[in-house]
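Overview (structure and organization)
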Amino acid sequence: MSDDTIQLNAVELATELTIAWLANPNTRTSADEVPGFLAQMHSSVQSLMSGAEGAEVPTADTEEYTPAVSARKSLANPDFIVSMIDGKQYKTLRRHLSGHGLTPEQYRERYNLKSDYPIVAPSYSESRRDMAKRIGLGRKPGQPNAAEAGAEKPAPRKRKTEEAAAE
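Summarised in this report is the structure supplied together with it. (Residues numbered from 1 in each chain as written. Predicted model: local features only at pLDDT ≥ 70, side-chain atom pairs only at ≥ 80, totals over all residues. Heavy atoms only, no water.)

Moving on: the environment of Glu 63. One can find Glu 63 in the loop between α2 (33-51) and α3 (71-74). When the C-alpha positions of Glu 63 and Arg 110 are compared, they lie 9.1 Å apart, and in sequence the two are 47 residues distant. (Helix = DSSP H or I, 4+ residues; strand = E, 2+ residues; numbered from the N terminus.)

Together, Met 131, Ile 135 and Leu 137 give the surface a local cluster of nonpolar side chains, amounting to about 300 Å² of exposed area. Summarising the element assignment, Met 131 is placed in helix α6 (residues 122-134). (Patch = residues over 30% accessible without salt bridge, like charges linked within 9 Å, V, L, I, M, F, W, Y side chains within 5 Å. Areas by Shrake-Rupley, 256 points an atom, 1.4 Å probe, with all protein chains shown as cover. Salt bridge = Lys/Arg side-chain N within 4 Å of Asp/Glu carboxyl O.)

Take α6 next. Across its 13 residues, α6 extends 18 Å between first and last C-alpha, which sits within 8% of the 18 Å expected from 1.5 Å per residue. At the C-terminal side of α6, Gly 136 shows a positive phi close to 95°. (Expected span 1.5 Å × (residues − 1).)

A word on the packing of aromatic side chains. Within this structure, the stated rule accounts for four aromatic pairs. Each ring, one from Trp 21 and one from Phe 37, has its centre 3.8 Å from the other, and the planes form 20°; the classification is stacked. Linking Trp 21 in helix α1 (residues 3-23) with Phe 37 in helix α2, this pair joins segments that are 16 residues apart in sequence. Note on Phe 37: relative accessible area 17%, which makes it buried. Judged by centre distance (6.5 Å) and plane angle (65°), the rings of Tyr 65 and Tyr 111 are edge-to-face. Note that Tyr 65 is positioned in the loop between α2 and α3 and Tyr 111 in the loop between α5 (104-110) and α6, a separation of 46 residues in sequence. For Tyr 65, a relative accessible area of 32% translates into the label partly exposed. By relative accessible area, which is 10% here, Tyr 111 ends up buried. An aromatic cluster is built from Tyr 65, Tyr 107, Tyr 111 and Tyr 117, whose rings are joined through pairwise contacts. (Phe/Tyr/Trp six-rings, centres within 6.5 Å; stacked < 30°, edge-to-face > 60°. Buried < 20%, exposed > 50% of the residue type's maximum accessible area, 1.4 Å probe, protein only.)

This part takes up the nonpolar core. One finds Met 84, Leu 93, Leu 97, Tyr 107, Leu 113 and Tyr 117 to be the most contacted residues of the largest nonpolar core, which totals 14 residues. Among all residues touching Tyr 107, those that are not within four sequence positions of it are Val 82, Ser 83, Met 84, Ile 85, Leu 93, Leu 97, Leu 102, Leu 113, Tyr 117 and Ile 119. (Core = buried A, V, L, I, M, F, W, Y, C linked by side-chain atoms within 4.5 Å. Contact = heavy atoms within 4.5 Å.)

A side chain of one charge can pair with a side chain of the opposite charge when the charged atoms of the two come close. The final tally for this structure, using the stated rule, is one salt bridge. Taking the shortest distance from any N to any O, the salt bridge between Arg 129 and Glu 126 comes out at 2.9 Å. Of the two residues, Arg 129 and Glu 126 are both situated in helix α6; the distance of three residues between them amounts to about one turn of the helix. The exposure class of Arg 129 is partly exposed, given its relative accessible area of 42%. Since its relative accessible area comes to 37%, Glu 126 is described here as partly exposed.

For the rest of this paragraph, the subject is the side chain of Arg 108. With respect to the helices and strands, Arg 108 occurs in helix α5. Buried within the structure, Arg 108 lacks any salt-bridge partner; Glu 105 is the closest side chain of opposite charge, at an N-O distance of 4.2 Å. Those residues in contact with Arg 108 that sit more than four places away from it in its chain are Leu 113, Lys 114, Ser 115, Tyr 117 and Ile 119. (Lys, Arg positive; Asp, Glu negative; His and termini not counted.)

Glancing now at unusual backbone geometry. Of note in the backbone geometry, Asn 112 takes a positive phi value of approximately 50° without being a glycine. Structurally, Asn 112 can be placed in the loop between α5 and α6. Judged by relative accessible area, Asn 112 falls into the exposed class, the value being 72%.

Locating Thr 18 in the fold gives a position in helix α1. The residues touching Thr 18, leaving out its near neighbours within four places in the chain, are Val 34, Phe 37, Leu 38 and Met 41.

Okay, here's the thing in C-alpha cells:
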C-alpha cells in the first residue's frame, strides 16, 4: 500500500468521524472548534494506521483506588456490609454499585477482592431466604411449603349423618 493511499484513507476516516460527531444531536459545538477536532481526528487516525503493525496500543492508565475500609472491616458486622467506595453501611451493595457505574465483578476487581466476596449482608440474605421458603419458592410441585409442612393437619370432621350412624 502506498503512502498516498494511507494518507487519503486517513483524511477520509477523519472526515467521516468529524461528520458523525457533528451529526450527533447531543454535540454542542461552535464553528471555531470543528477545525481543531478535525485535525485531532486526522492525527489520531494517521498514528493508528501507521503504528498499528508493530506499535503497542497505549492502554488507559489504571487508577489506584484506595478502599475506605479494609475487606475484613467491611464484613465485620453480619447486619450490613460497609462499602469500600464511601465507607457507608448497606444491606445490599448492588444498587449502590450501579449508582457508581460498577457491576459486582468490577467492584471486586477494583479492590482486589475474591470472587466469592458477598454483595449482600448475611443477616439480610438469611431473612430473605426464610421469607422465600415461607411463601413456597424453590419447592417442587406437589410438595407442601414450610408453613404447611410444620403444621399437622387435624383429623377430618365427621359429618352429622356419620355420627348418627355410628351411635
